[in-house]
Amino acid sequence: MVVHASGELLAAAAAARLITALVDAQAEHGVASVVLTGGRTGIGVLEQVRRSPARDAVDWSNVDVYWGDERFLPDGDPERNETQAREALLDHVPVDPERVHPMAPSDGRFGADAEAAAAHYAEVLATKASPATDIAVPRFDVLLLGVGEEGHTASLFPDTPYVKEVERTVVGVHDCPKPPPTRISLTLPAIRAASEVWLMTTGAAKAEPVAAALAGAQPVDIPAAGARGRNKTLWLLDAAAASELPTGG
Ligand code: 6PG
């Protein structure tokens, strides 16, 4: 776990860390892959990547971009995670459009059918599945997540069937307490296939779920507690989000 003095520092430091991780993954595999998150903290990190002079150390044409969750809204809606990620970063770096894999919008080929959109995304992931993982998802070098006030991560909310999913890699999610109510999300088994999972969150409202997750809460109660990477699980917090942790953090 790393605790930064402020949310601004967290965003800048996480951006530096992400650039380095992508550069390192490209040195090892040629192509790097990242799974993006929605939310203010996650988008703030992408903005800091855009602002960093070191961003050009990444060969953006060889980065596979996926999303951990999406708000099921029309294409281009300003609340879509895809729209926000494009504005914050992807529109400003030379990514290969073929390597950018957004989840479907609610006015696309699946219309308002979130299950069909989720099943399609599962197929996209399966098509690129890596032999390194035992479920049908690609090699994810870094999977970014935010954390909600009641402990949700991606669009997996407490006490829902979605957080308990063990078969599917992607689900349509309904009746979400955080708007919009309909979303698409990777499941915990898909998240856990990532090499590195970074949970990034800021602000006092996140202090309780962070403390509960790190104390070993059950994922059904605090979904963020169930998010971990195969090789690394990294919590990136600001001081306020870390304020309920036992002394010494
Ligand atoms: C979303 C998310 C969600 C988010 C958290 C934290 O699309 O809403 O992916 O899981 O990351 O709710 O959001 P904030 O950083 O804005 O608090």
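For the structure itself, look to the data block above.
Residues numbered from 1 in each chain as written. Predicted model: local features only at pLDDT ≥ 70, side-chain atom pairs only at ≥ 80, totals over all residues. Heavy atoms only, no water.

A. View of a nonpolar patch on the surface. Side chains of Met1, Val3 and Leu214 sit close together on the surface and give an oily, nonpolar patch of about 240 Å² of accessible area. Note on placement: Met1 falls in the segment before strand S1 (2-4). (Patch = residues over 30% accessible without salt bridge, like charges linked within 9 Å, V, L, I, M, F, W, Y side chains within 5 Å. Areas by Shrake-Rupley, 256 points an atom, 1.4 Å probe, with all protein chains shown as cover. Salt bridge = Lys/Arg side-chain N within 4 Å of Asp/Glu carboxyl O. Helix = DSSP H or I, 4+ residues; strand = E, 2+ residues; numbered from the N terminus.)

B. Structural context of the site of the ligand. Not every one of the 15 residues close to the ligand is listed here, only the nearest: Arg40, His152, Ala154, Lys178 and Lys206. A distance of 2.6 Å is found between an oxygen atom of the ligand and a side-chain nitrogen or oxygen belonging to His152. Within the side chain of Lys206, one N or O atom sits 2.5 Å away from an oxygen atom of the ligand. Here the ligand loses 97% of its free accessible area of 420 Å² to cover by the protein chains. Here the residues of the shell around the ligand sort into 2 nonpolar, 7 polar and 6 charged. (Near = heavy atom within 4 Å. Polar contact = N/O pair within 3.5 Å; in protein donor to acceptor, adjacent residues only side chain to side chain. Nonpolar A, V, L, I, M, F, W, Y, C, P; charged D, E, K, R; others polar.)

C. How the structure looks around the nonpolar core. Membership of the largest hydrophobic core comes to 81 residues, with the highest contact counts inside it found for Leu186 and Ile191. By residue number, the principal contributor to this core is helix H1 (residues 7-29), which donates 9 residues. Not counting chain neighbours up to four residues away, the residues in contact with Ile191 comprise Leu143, Leu145, Ala154, Leu156, Leu186, Val197, Ala227 and Arg228. (Core = buried A, V, L, I, M, F, W, Y, C linked by side-chain atoms within 4.5 Å. Buried < 20%, exposed > 50% of the residue type's maximum accessible area, 1.4 Å probe, protein only. Contact = heavy atoms within 4.5 Å.)

D. The arrangement of the sheet that holds strand S7 (residues 183-186) in detail. Sheet architecture is open: 3 strands sit in the order S4-S7-S6, paired in antiparallel fashion. Strand pairing shows two members of the sheet lacking a second neighbour, strand S4 (69-71) and strand S6 (170-173), which therefore form its edges. Shown here is a sheet whose adjacent strand axes are inclined to one another by a mean of 15°, direction ignored. Judged from the 4 bridges that link them, S6 and S7 form a sheet pairing that is antiparallel. Across the sheet, the residue bridging to Val171 is Ser185, located in S7. Sitting on the sheet, helix H4 (residues 114-127) is in contact with S6 and S7, with an inclination near 165° to S6. (Pairing = 2+ DSSP bridges. Axes fitted to C-alpha atoms, helices over the stretch in contact; angles between N-to-C directions.)

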